[in-house]
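# Commentary on secondary and tertiary structure
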Amino acid sequence: SQKIEQNSEALNIQEGKTATLTCNYTNYSPAYLQWYRQDPGRGPVFLLLIRENEKEKRKERLKVTFDTTLKQSLFHITASQPADSATYLCALVVTGGFKTIFGAGTRLFVKA
Amino acid sequence: NAGVTQTPKFQVLKTGQSMTLQCAQDMNHNSMYWYRQDPGMGLRLIYYSASEGTTDKGEVPNGYNVSRLNKREFSLRLESAAPSQTSVYFCASSPGLDSAFFGQGTRLTVV
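Here's a quick rundown of the structure. (Residues numbered from 1 in each chain as written. Chains lettered and ligands numbered in written order. Predicted model: local features only at pLDDT ≥ 70, side-chain atom pairs only at ≥ 80, totals over all residues. Heavy atoms only, no water.)

### Thoughts on the overall build of chain A
This is how it is decided: In DSSP terms, a helix is any run of H or I states spanning at least four residues, a strand is any run of E spanning at least two, and both are numbered starting from the N terminus. For a compact globule the rule gives 2.2 Å times the number of residues to the power 0.38, and the radius of gyration it is set against comes from C-alpha atoms. Residues are treated as being in contact if the distance between any of their heavy atoms lies within 4.5 Å. Here, Shrake-Rupley sampling with a 1.4 Å probe gives the accessible areas, and only protein chains in the shown set may cover a residue. His residues and chain termini do not enter the charge count, which takes Lys and Arg as positive and Asp and Glu as negative. All charge positions are set by atom: Lys at NZ, Arg at CZ, Asp at CG, Glu at CD.
In terms of regular secondary structure, chain A is built from zero helices and 11 strands. Scanning chain A from its N terminus toward the C terminus, one meets helices and strands in the order β-β-β-β-β-β-β-β-β-β-β. Against the compact-globule benchmark of 13 Å for 112 residues, chain A has a radius of gyration of 13 Å, which places it among compact chains. Principal axes of the C-alpha set define a box for chain A whose edges measure 45 × 30 × 20 Å. Sequence-distant contacts in chain A: of pairs separated by 6 or more residues, those separated by 24 or more amount to 55%. When the accessible surface of chain A is summed, it comes to about 5700 Å², and 47% of that surface belongs to carbon and sulfur atoms. Computed over 15 positive and 10 negative side-chain charges, the separation of the two mean positions in chain A equals 2 Å.

Here it is as structure tokens:
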């Protein structure tokens, strides 16, 4: 069956450290992989897109990698801040399809 | 620039009642979507509209209907609400496949 897995356990890190979140998928052929941030009581906010032929993408303190052989994406926040505390969702846009498939998200807590 | 606006923000329904969730976007996007989000689960696609005048079923369409009223508006209707439809509903729009913009959500409780 097709699955997207994100670590359901919350990630707790100290301010200033690098947070690394994982997104694994099976039985998909994604054209794109997206990362979103979701704060409590609010809708997801788009952060970054990486395409299947890209290995790495950066935006300010954010870095995303995409390994189609391992079927995995890693999302890094460097020099993390308490304001980065939120739930982070990964989403796949499947090749040839019109639909975006979301993972359940990983909750990140950054402690001052 | 409002982005994606959903109404209402909160709603309590009795089993069997009907209601329509409204969604409007001001970004001139062709594509619009309705998702539901339940605890511990990813956003699940209910219906989508690739362009004005077209709608298609997503992963969990049973119990729902949609209308793409015009390019701006995409509504979701529950004809006979059931407790299993208690969820947070999000509308989204996108310019293509590379990103999506979400509304603030509607928290629906069916008792």
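The discussion continues.
### Here's the deal with the overall build of chain B
Going by this rule: Partly exposed describes any residue whose relative accessible area lies between the buried limit of under 20% and the exposed limit of over 50%, with all areas from a 1.4 Å probe on protein chains only and scaled to the type maximum.
When helices and strands are counted, chain B shows zero helices and 11 strands. Expected size for 111 residues packed as a compact globule is a radius of gyration near 13 Å; at 13 Å, chain B falls within 12% of this value. Each principal axis of the C-alpha distribution contributes one length, and for chain B these read about 35 × 25 × 25 Å. Put simply, chain B has 111 residues, and 49% of those count as buried. In chain B, the proportion of contacts linking residues at least 24 apart, taken out of those at least 6 apart, comes to 53%. Per element, the accessible surface of chain B, about 5000 Å² overall, is 49% carbon and sulfur. Averaged over its 10 positive side-chain charges, chain B has a centre that lies 7 Å from the centre of its 8 negative ones.

### Quick notes on the sheet that holds strand β7 (residues 64–68) of chain B
Each strand in a sheet pairs with its neighbour through backbone hydrogen bonds, running either in the same direction (parallel) or in the opposite one (antiparallel). All names here are of chain B. As a reminder, the rule being used: A strand pair is defined by DSSP finding two or more bridges across the two strands. Inter-axis angles, ranging from 0 to 180 degrees, are taken between N-to-C directions of lines fitted to C-alpha atoms, where helices are fitted over the stretch in contact.
Reading across from one edge, β1-β3-β8-β7 is the order of the four strands in this open sheet, with antiparallel pairing throughout. What marks the edges here is a single partner per strand, and that holds for β1 (4–7) and β7. Averaged over all adjacent pairs, the angle separating strand axes in this sheet is 15 degrees, with direction ignored. Summarising the sheet, β1 and strand β3 (residues 19–25) pair through four bridges and their orientation is antiparallel. Bridging from a neighbouring strand, Gln-6 pairs with Cys-23 of β3.

### Concerning the nonpolar core
Cut-off, in case you're wondering: In plain words, nonpolar cores are sets of buried Ala, Val, Leu, Ile, Met, Phe, Trp, Tyr and Cys residues tied together by side-chain atoms within 4.5 Å.
A:Ile4, A:Leu33, A:Trp35, A:Phe75, A:Ile77, A:Tyr88 and A:Leu108 are the most contacted members of the largest nonpolar core, which totals 23 residues. For this core, the secondary-structure elements that each account for two or more residues are β3 (19–26), β4 (30–38), β5 (45–51), β7 (62–67), β8 (72–77), β9 (86–94) and β11 (106–111) of chain A.

### A closer look at the state of the cysteines
Residues and elements named next belong to chain A. Applicable threshold: The disulfide criterion used throughout: a pair of cysteine sulfur atoms within 2.5 Å.
Scanning the model with the defined rule gives two disulfides over all chains in all. Each sulfur of the disulfide joining Cys-23 and Cys-90 lies 2.0 Å from the other. Between Cys-23 and Cys-90 the sulfur-sulfur dihedral comes to about 60 degrees; the bridge is accordingly right-handed. Residue Cys-23 is located in strand β3, and its partner Cys-90 is located in strand β9; the two are separated by 67 residues in the primary sequence.

### Quick notes on the interface of chain A and chain B
What counts here: Definition used for salt bridges: Asp or Glu carboxyl oxygen within 4 Å of a side-chain nitrogen of Lys or Arg. Distance and chemistry together define a polar contact, namely a pair of N or O atoms within 3.5 Å, with one atom able to donate a hydrogen and the other to accept it when in protein, and with adjacent residues in sequence counting only for side-chain atoms on both sides. As a working rule, the residues Ala, Val, Leu, Ile, Met, Phe, Trp, Tyr, Cys and Pro are called nonpolar, Asp, Glu, Lys and Arg charged, and the rest polar, with Gly in that last group.
Across the boundary between the two partners, chain A contributes 19 residues, which contact 21 residues of chain B. Viewed at the interface, chain B and chain A are joined by zero salt bridges. Between the two partners, chain A and chain B, sit four residue pairs in polar contact (both at pLDDT 80 or more). At the level of elements, β4, β5, β9 and β10 (100–102) of chain A are the ones that each hand at least two residues to the side of chain A that touches chain B. Looking at the side of chain A that touches chain B, its residues break down into 10 nonpolar, seven polar and two charged.

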